[in-house]
Amino acid sequence: MAEHESLEFGKADFVLLDTVSMEEFMANLKLRFEKGRIYSYIGEVVVSVNPYRAMNIYGRDTIEQYKGRELYERPPHLFAIADAAYKAMKRRNKDTCIVISGESGAGKTEASKYIMQYIAAITNPNQRAEVERVKNMLLKSNCVLEAFGNAKTNRNDNSSRFGKYMDINFDFKGDPIGGHINNYLLEKSRVIFQQEGERSFHSFYQLLSGAPDSLLHSLHIKKDPKAYTYIKIGGQIKTSINDNADFKAVADAMKVIGFTGDEIQTVYKILATILHLGNLTFGVDGDVTLIENTKQVSVIRDLLSTKEENVEKALLYRTVATGRDVIEKQHTTQEASYGRDALAKAMYERLFCWIVGRINDIIEVKNYDARIHGKNTVIGVLDIYGFEIFQNNSFEQFCINYCNEKLQQLFIQLVLKQEQEEYQREGIPWKHIDYFNNQIIVDLVEQQHKGIFSILDEACMNVGKVTDEVFLQGLDVKLAKHAHFSSRKLSPTDKSLEFDRDFRIRHYAGDVAYSVVGFIDKNKDTLFQDFKRLLYNSSNPVLKGMWPEGKLRITEVTKRPLTAATLFKNSMILLVENLASKEPYYVRCIKPNDVKSPLLFEHERCRHQVEYLGLLENVRVRRAGFAYRQTYPRFLQRYKMISEFTWPNHDLPSDKEAVKKLLQGCRFDHDVAYGKTKVFIRTPRTLFSLEEQRAEMVQRIILFLQKVWRGALARRRYRRMRAALIILQAYRRYKVKSYIREVNRRFKNVQSMKDYGRHVKWPTPPKVLRVFSSWIFLDASFRWWAWTLIKGLSPEETLQVRAKVACLEALKSQRADLGLQRDWEGNYLKRDSPDTASSFTLISSMLQRKDKFMRVLFSCNVRKINRFHKTENRAVLITDRHLYKMDPLRQYKPMKSIPLYNVTGMSISSGKDQLVVFHTKDSRDLVVCLQGMVPANESRIGELVGTLLSHFKRLKRKLQVNIASPIQCSMNGRKCTIIVEPKINQSQPDFTKSRSGYILNVPGN
Ligand SMILES: Nc1ncnc2c1ncn2[C@@H]1O[C@H](COP(=O)(O)OP(=O)(O)OP(=O)(O)O)[C@@H](O)[C@H]1O
Ligand SMILES: [Mg+2]
């Protein structure tokens, strides 16, 4: 069964119909056609419905989908059957054939071309030039054969008017190496006559439409088809065919195939001769028959390269041998016309056969030695007319329908045989299958002495009267008792048959009435010997070569030529023998309507064809035993998810056991048989039930697979991330270690360095350490470095460092010069005024004794505001207990002392001035400006602030330090502000009264 197609498109295989009835068959066929599914199967037979529209199903991508696949793995398609035939040929070394049948316009030729195209596409992967050449020839030969063998009919614009069987030969590698074409029963009557609405063979119109003027001129013809009796009916028909372009394509194809220039010219000459022959008319003068338009004769002579009088003689006389004498018998005008038409038809038929022969010469396998090159295998493609039933059925239809009887017979035999063989192989008991055996009809036609063909031949050879009626009488006598034959004489009540004209055959496909009119003539197919000799005696070697029998003199021609019926019968027997020796594949084509519509499905029409093609019979035979069979592994592969014993893998001894277990589980055991390698399922319902269960399970499996796969993806992602993390960590560790190693190396000897490694540059830390490095390493190193520096300091130095740190903490970036670079001596009055230093020391010692201070924190000369708002020189001494105001002019006599615990804060400006305000608890702030420094521009504010802050800190007391401008203070309980203003020409700082307090003018420039 074809898979991958949902049931909405109907059943892809007719074998799976619920019941085998015409109604069900037709409903399924119609549904599939309407859904655009033009191909279906009956087992391994492809049923194809002509879509009458371009289908996008023959491209490279579709070819790839079918290449190497099994038949049931993809939806039904011609490619599937082509591949099956190719595989059988390549894998099993079997000769195979594809039989394409169906009525005119059903799509046989198109199908054969798609099959060839598929085979060409999948072979010769190594692009061997010779194989490519052969493939090209095989494909190109189609174009030439269609030009000469196809015509526009009322049923098909490109109807093949001959049967074609083409063998493609393959080497052991499966590449095409040549081919051979057999043609059957060309409808040559078309050369001289066509039905209304039909044309003669394409070649004539192509020549007239496409040939260059010079060629037309040399052939003595003109572009107008209406000028030629034989083709003038068809010449007026408008068609979609582009004769002009086709002429060039055919000429090119002939060149590519290898026709010589002379050969091609001869082909054109023959076509032109036929056209001219058609225009010949005969008349009588007394008792002499003559040609009325003698000018035509010289044209014909020219085209045939023979003598003019020979042409005329051949047309008007017939040479007859009576014993040893040879006499020339003049034709009547009727005989002359008959002869002329017979010549035209024969020349065309011979031309066609010669073309096929030439193509065969060229594509034939050459230099192939099976001992060296391996077995040469063959795929045959048969594109042959299907069953025909017209209003008036004549000799041609009889032959064609006989051919179909034979093919159907072969088909049923082979399918049955295959079926039987398969059952035998698989060890399944064979049940007799009832089917319509049409051997009886085949015999009715072809049997020696008793068959219709024999009776016809006998009638033709009759010494007395030779007429169609005589032939019918012969039939009536000899076949009177035959169950499949009747005539009006045998069943007088049957008014559908005419007396002395019709006979009816009960074909497997239905009853067909034939009219005997023309049977004798068509069977005899007489061509007077004179014409054969005329053509043989041409000086054109190509033409001469086409008529070798013309060599015989009249006295040498003893045997009657074989009749058309015998020739056809022989060729059919050969064909069937040939096909029977091969593994056959079938394509059955159906034409959905008569108007070439892609939408219309004419029920009755199609039903007819289904009947004629014996498709129901086909389904019945195929289903006779079992509707479906499959090898155990394949079956398991498709259905193993249905059973817990087989999913995902079974542990039974064999696949056969597993399939048994599976089917038992589903309770289908009664409907199946177990062969050696295959399981056979009797009814399609079982299969559908299996399919349904499978479809349900597949959904779950998909979900399960998705789950597992998603899990797998997540786990994979996790593992990758983890791996990345481990790598990352290892790398980081490595970077940190290298960094630490480098730090270690650089700082190893810092202790012994003069600056304790202050100059050593830190290496650039890795990214991971960048955040830490500043405070862990740098900070720690600074701390260590500072600690190393301060651990060797004296107590005095320690105090100084503490004071500087306190200063820095309080004033950093708030005042410019903090004096950090110099030594902080503190007790400057000793140094700045050496003259009065001794007095100060004396007073200082006195105060120490009196107030018991431990140490002098700071001393310095200052400017100060007095009670009268005047500025006067004073000095300040700050010990660890008091702040003394002293008068330098009176040997530093202490004027006022403020206990240090009364001091709450200090205010300074952010400028360079040396103004400082000591805030006291009692709001009697002391406002001074340090002065008299040596050197003069030394700034001591930083030192004063730092020293006091450090001292207060040690006492765990708070000292508020304000940096402000103007400075707010409280003098004797009165709030006032002090503004610092630099002033040019100011030699020393001076306070002047302002409205809100005081202005300190400092030297400025
Ligand atoms: N598969 C197809 N896809 C599209 N169009 C198709 C297909 N098959 C057939 N046709 C159309 O149907 C027309 C007739 O097909 P084709 O010539 O193959 O018929 P046939 O069976 O060979 O008839 P005949 O017996 O008269 O030679 C084609 O010219 C084409 O237009
Ligand atoms: Mg055809």
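If you look the protein chain up in an unreviewed UniProt entry, it shows as Myosin ID from Nothobranchius furzeri. Listed under Sequence similarities (unreviewed entry) in UniProt, the entry text for the protein chain is "Belongs to the TRAFAC class myosin-kinesin ATPase superfamily. Myosin family."

With that out of the way, let us pick up the coordination of the magnesium ion (ligand 2). Within the protein, the magnesium ion (ligand 2) binds to Thr-109 (OG1) and Ser-160 (OG); these donor distances fall in the range 1.9 to 2.0 Å. Pair noted here: Thr-109 is in helix H4 (residues 108-122) and Ser-160 is in strand S5 (residues 159-160), with a separation of 51 residues, a long-range link. As far as burial versus exposure is concerned, Thr-109 and Ser-160 are alike and both buried.

This paragraph deals with the sheet that holds strand S26 (residues 926-931). In space, the eight strands of this open sheet follow the order S23-S22-S21-S20-S26-S25-S24-S27, with mixed pairing throughout. Each of the sheet's edge strands pairs with one partner strand only, and the pair in question is strand S23 (893-899) and strand S27 (960-963). Each adjacent strand pair in this sheet contributes to an overall mean axis angle of 30 degrees, direction not counted. Looking at chain direction, strand S20 (residues 856-865) and S26 are connected through four bridges and run antiparallel. Across the sheet, Val-862 pairs through a bridge with Leu-930, a residue of S26. On the sheet, helix H31 (residues 837-851) packs against S20, strand S21 (871-879), strand S22 (882-887) and S23 and is oriented at approximately 145 degrees with respect to S22. In this fold helix H32 (residues 941-954) packs onto S20, S21, strand S24 (903-908), strand S25 (915-920), S26 and S27, with an angle of close to 155 degrees to the strand it touches most, S24.

The full count for this structure, using the stated rule, is 59 salt bridges. The closest approach of N and O atoms between Arg-629 and Glu-422, which form a salt bridge, is 3.1 Å. Taken together, the residues Arg-629 in strand S17 (residues 628-631) and Glu-422 in helix H15 (residues 395-426) connect sequence positions 207 residues apart. For the pair formed by Arg-629 and Glu-422, the shared burial category is buried. Across the pair Glu-872 and Arg-874 runs a salt bridge, and its minimum N-O distance is 2.7 Å. Overlapping salt bridges, with partners in common, bring together Arg-822, Glu-825, Arg-831, Asp-832, Glu-938, Arg-940 and Glu-943 in one network.

The sites that UniProt annotates as "domain: TH1" (unreviewed entry) are residues 813-1004. End C-alpha atoms of residues 813-1004 are separated by 22 Å, and the span's content is 17% helix alongside 42% strand.

Another aspect to go through is the site of ligand 1. Of all residues adjacent to ligand 1, which total 18 residues, the nearest are Ser-104, Lys-108, Thr-109, Ser-159 and Ser-160. Interatomic distance of 2.9 Å between a side-chain N/O atom of Tyr-58 and a nitrogen atom of ligand 1. Between ligand 1 and the protein, one listed contact pairs an oxygen atom with a backbone N or O atom of Gly-107 at 2.9 Å. Those elements that place two or more of their residues in the shell around ligand 1 are H4 and S5. The leading source of residues in the shell around ligand 1 is H4, at four residues. Broken down by class, the residue content of the shell around ligand 1 amounts to five nonpolar, nine polar and four charged.

The seven strands lie next to each other as S1-S2-S16-S3-S12-S6-S7, forming an open sheet whose pairing is mixed. Strand pairing shows two members of the sheet lacking a second neighbour, strand S1 (39-42) and strand S7 (176-184), which therefore form its edges. Strand-to-strand, the axes of this sheet are offset by a mean angle of 20 degrees, without reference to chain direction. By the bridge criterion, seven bridges tie strand S3 (residues 96-102) to strand S12 (residues 377-385) in an arrangement that is parallel. Looking at S12, one finds that Gly-102 is bridged to Tyr-385. Relative to the sheet, helix H24 (residues 615-623) contacts S1, strand S2 (45-49) and strand S16 (583-590), its axis offset from that of S1 by approximately 50 degrees.

About the thresholds
Residue positions are given per chain, counted from 1 along the sequence in the order it is written. Just so you know, chain letters begin at A and ligand numbers begin at 1, following the order they were written in. Given that this is a predicted model, residues contribute local features only at a pLDDT of at least 70 and side-chain atom pairs are listed and counted only at 80 or more, while totals for whole chains, interfaces and linings are drawn from all residues. Calculation of side-chain values draws on the structure's entire complement of heavy atoms; hydrogens and water are dropped beforehand. UniProt positions are given in the numbering used here, feature names are shortened, and annotations may be inferred rather than shown by experiment. Note on donors: an N, O or S atom is included if it sits within 2.8 Å of the metal, or within 3.2 Å for Na, K and Ca, and water is never included, so sites can look incomplete. Numbering goes from the N terminus for both helices and strands, where a helix is a DSSP run of H or I of at least four residues and a strand is a run of E of at least two. For every residue, the accessible area obtained with a 1.4 Å probe (protein chains only) is divided by the maximum for its type, and the residue is called buried under 20%, exposed over 50%, and partly exposed between those limits. One requirement defines pairing of two strands: DSSP has to find at least two bridges between them. Note on definitions: angles span 0 to 180 degrees between N-to-C directions of axes, and those axes are lines fitted to C-alpha atoms, for helices only across the stretch in contact. By definition in these notes, contact holds between two residues if any of their heavy atoms fall within 4.5 Å. Put simply, a salt bridge is a Lys or Arg side-chain nitrogen that is within 4 Å of an Asp or Glu carboxyl oxygen. Here a residue counts as near a molecule or strand whenever at least one of its heavy atoms sits within 4 Å of it. Any pair of N or O atoms that falls within 3.5 Å is considered a polar contact. Within protein, one atom must be able to donate a hydrogen and the other to accept it, and sequence-neighbouring residues count only if both atoms are side-chain atoms. Residues are sorted three ways: Asp, Glu, Lys and Arg are charged, Ala, Val, Leu, Ile, Met, Phe, Trp, Tyr, Cys and Pro are nonpolar, and all the rest, Gly among them, are polar.

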